[in-house]
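Listed below, chain by chain, are the residues.
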Amino acid sequence: MDQRIPLLFAGSLLFILSCKVGYHDLSNPRQPYVGDEIRTDGYYYYMDTVDRVVLGKPQTDIVTRVYFFYRNGVMNYYNFPFLDLDSLEEWTADSLFVARSKQHPVGWGIFEVNANKIKIETWIMSTGGRHPTYEYSLDIVNDSTFFKKNSNQEMFFQFKEFVNKPDSTNSFIE
């Protein structure tokens, strides 16, 4: 067997492991939010069900979808497998969770409010390479409710005040 093949394999593996997955730049600049169309002293949430297959068996999970909006124009979006808001709030106030969430760009982004729309640009999961950005909008009903149309489903997000809201600092958004 040619000895160059194991060396080539080891070198390729080392190169792959040393590559750091990056992220695309946001195409819009961050703008501070100074309006009163939405609240920023807590989070917006929607309880949802997700159907999936685990080890060949169908399963339905409850997921809490959460948006945090900040006055500096930054936003953060999460999907949590929590059945109640108390557990979710404990988790988001945990320093380990906060530190880990700031290591990855997915879910972080910027927002702008125009009339009755929240325009968002955020990073999404990648199947390899750099994390791409994605732009979409949410429809504002009032300062404590907005909705998102997703395929054939309208999700109404409700506001909940939260004093332990994680801060918006991260290494992805200037």
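Residues numbered from 1 in each chain as written. Predicted model: local features only at pLDDT ≥ 70, side-chain atom pairs only at ≥ 80, totals over all residues. Heavy atoms only, no water.

Engineer: What should I look at first to understand the side chain of Glu121 in this one?
Structural biologist: For Glu121, the location among the structural elements is in strand E5 (residues 117-123). The buried charged residue Glu121 lacks any salt bridge partner; its closest oppositely charged side chain belongs to Lys119, at an N-O distance of 10 Å. A polar contact of 3.0 Å, which involves the side chain of Glu121, links it to the side chain of Asn28. Leaving out residues up to four positions away in the same chain, Glu121 has contacts with Leu26, Ser27, Asn28, Trp108, Gly109, Ile110, Thr133, Tyr134 and Glu135. (Helix = DSSP H or I, 4+ residues; strand = E, 2+ residues; numbered from the N terminus. Buried < 20%, exposed > 50% of the residue type's maximum accessible area, 1.4 Å probe, protein only. Lys, Arg positive; Asp, Glu negative; His and termini not counted. Salt bridge = Lys/Arg side-chain N within 4 Å of Asp/Glu carboxyl O. Polar contact = N/O pair within 3.5 Å; in protein donor to acceptor, adjacent residues only side chain to side chain. Contact = heavy atoms within 4.5 Å.)

Engineer: Honestly, a nonpolar patch on the surface in this entry has me stumped. Any pointers?
Structural biologist: Side chains of Met47, Ile62 and Leu83 sit close together on the surface and give an oily, nonpolar patch of about 270 Å² of accessible area. Turning to its location among the elements, Ile62 is positioned in strand E2 (residues 57-69). (Patch = residues over 30% accessible without salt bridge, like charges linked within 9 Å, V, L, I, M, F, W, Y side chains within 5 Å. Areas by Shrake-Rupley, 256 points an atom, 1.4 Å probe, with all protein chains shown as cover.)

Engineer: Help me understand the pairing of E2, please; the structure alone is not making it clear to me.
Structural biologist: Successive side chains on a regular strand alternate, one facing one side of the sheet and the next facing the other. As paired strands, strand E1 (residues 42-54) and E2 are joined by 11 bridges and run antiparallel to one another. What sits directly across from Met47, in E2, is Thr64. Where E1 folds back on E2, the antiparallel hairpin that results is connected by two residues, among which Leu55 adopts a positive phi of roughly 50°. Looking at chain direction, E2 and strand E3 (residues 74-80) are connected through six bridges and run antiparallel. What sits directly across from Arg65, in E3, is Asn79. What sits between E2 and E3 in their antiparallel hairpin is a turn of four residues, with Gly73 showing a positive phi close to 90°. (Pairing = 2+ DSSP bridges.)

Engineer: Whenever I open this one, the environment of Gly73 confuses me. Can you help?
Structural biologist: In this structure, Gly73 sits in the loop between E2 and E3. On the basis of relative accessible area, Gly73 is assigned to the buried category, the value being 0%. The spatial distance from the C-alpha of Gly73 to the C-alpha of Val113 is 9.4 Å, given a sequence separation of 40 residues. Ignoring any residue separated from it by four or fewer positions in sequence, one finds Gly73 in contact with Arg30, Gln31, Pro32, Tyr33, Gly109, Ile110 and Phe111.

Engineer: So what exactly am I meant to see when it comes to the sheet that holds E5 here?
Structural biologist: The sheet built from eight strands closes into a barrel, its strands ordered E1-E2-E3-E4-E5-E6-E7-E8 with antiparallel pairing. Strand-to-strand twist of the sheet, defined as the mean angle between neighbouring strand axes without regard to direction, takes the value 35°. Both strand E7 (residues 145-150) and strand E8 (residues 153-161) contribute to a ladder of six bridges, which runs antiparallel. Residue pairing across strands places Phe147 opposite Phe156, the latter belonging to E8. Running over the sheet, helix H2 (residues 85-93) touches E1, E2, E3 and E8 and is turned about 105° from E1. (Axes fitted to C-alpha atoms, helices over the stretch in contact; angles between N-to-C directions.)

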